[in-house]
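Listed below are the residues making up each chain.
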Amino acid sequence: HLEDFEHMPAILEEPIFQKAFSVAELANLSREQYGAYEQNLLDYWGVKAAVDTAYDEGREEGREQGRREGRNEGREEARSQTARRMLAQGYAPAEVAELTGLSPAQVDDLGVAPSTPPDDPRGAGKA
């Protein structure tokens with residue numbers, strides 16, 4: 001007499017009762033309806049598996065891309081730090097660019113003015 005209720009009693013909302021209702025609904029299907037239900041279920045599982053696989057692959061691809069970008073940023077920061085130290089030690093900006101692989105504009109953007117140490121033993125090759 002569940003069809004006589006306006007609302008389903010709270011106790012019947014429990015998972016065990018929900019499972020029982022699902023089984024009862026399936027038991028009332030004709031052979032043709034049950035076959036269609038099974039085919040739809042197989043289609044759903046196939047699509048879900050494809051989506052899950054694509055999601056996992058995309059997630060891994062995103063992680064790898066993040067790692068690559070992080071490594072590149074780390075290398076770029078190391079080159080910038082080396083260039084700053086070289087400029088602080090008196091290397092000419094053009095020489096810093098050549099040795100670090102940074103462009104002259106990137107060296108200029110570091111904002112470090114080259115200075116020549118008073119006791120520069122090398123003499124040549126500096127600013």
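Above this text sits the structure in question.
Note that this is a predicted model, so its numbers are computed, not measured. (Residues numbered from 1 in each chain as written. Predicted model: local features only at pLDDT ≥ 70, side-chain atom pairs only at ≥ 80, totals over all residues. Heavy atoms only, no water.)

Concerning the pattern of salt bridges
- A full pass over the atoms with the stated rule returns eight salt bridges.
- Between Glu 60 and Arg 67 there is a salt bridge whose closest N-O contact spans 3.8 Å.
- With a closest N to O distance of 3.4 Å, Glu 64 and Arg 71 form a salt bridge.
- You can call Arg 71 partly exposed: its relative accessible area is 40%. (Salt bridge = Lys/Arg side-chain N within 4 Å of Asp/Glu carboxyl O. Buried < 20%, exposed > 50% of the residue type's maximum accessible area, 1.4 Å probe, protein only.)

Considerations on the nonpolar core
- Among the nonpolar cores identified, the biggest contains nine residues, and these are Ala 83, Met 86, Leu 87, Tyr 91, Val 96, Ala 97, Leu 102, Val 107 and Leu 110.
- Elements that contribute at least two residues to this core include exactly α2 (31–88) and α3 (93–100). (Core = buried A, V, L, I, M, F, W, Y, C linked by side-chain atoms within 4.5 Å. Helix = DSSP H or I, 4+ residues; strand = E, 2+ residues; numbered from the N terminus.)

Re the packing of aromatic side chains
- Within the structure shown, the criterion is met by one aromatic pair.
- A centroid spacing of 5.9 Å and a plane angle of 35° characterise the contact between Tyr 34 and Tyr 37, whose relative ring orientation is tilted. Taken together, the positions of Tyr 34 and Tyr 37, both in helix α2 and three residues apart, correspond to about one turn of that helix. (Phe/Tyr/Trp six-rings, centres within 6.5 Å; stacked < 30°, edge-to-face > 60°.)

Some points on the packing of α2 against α3
- In contact at an axis separation of 10 Å, α2 and α3 are set at 150° when each is read in the N-to-C sense. In this view, α2 runs roughly antiparallel relative to α3, as classed from their interaxial angle. Two packed elements cross with a definite hand, and for α2 against α3 that hand is right-handed. The residues of α3 that touch α2, namely those facing Arg 79, Thr 82, Ala 83, Met 86 and Leu 87, are Pro 93, Val 96, Leu 99 and Thr 100.
- Here the residues of the contact of α2 with α3 are counted per class, giving six nonpolar, two polar and one charged. (Axes fitted to C-alpha atoms, helices over the stretch in contact; angles between N-to-C directions. Parallel < 35°, antiparallel > 145°, perpendicular 65-115°, else oblique. Left-handed = near helix turned anticlockwise from the far one by under 90°. Contact = heavy atoms within 4.5 Å. Nonpolar A, V, L, I, M, F, W, Y, C, P; charged D, E, K, R; others polar.)

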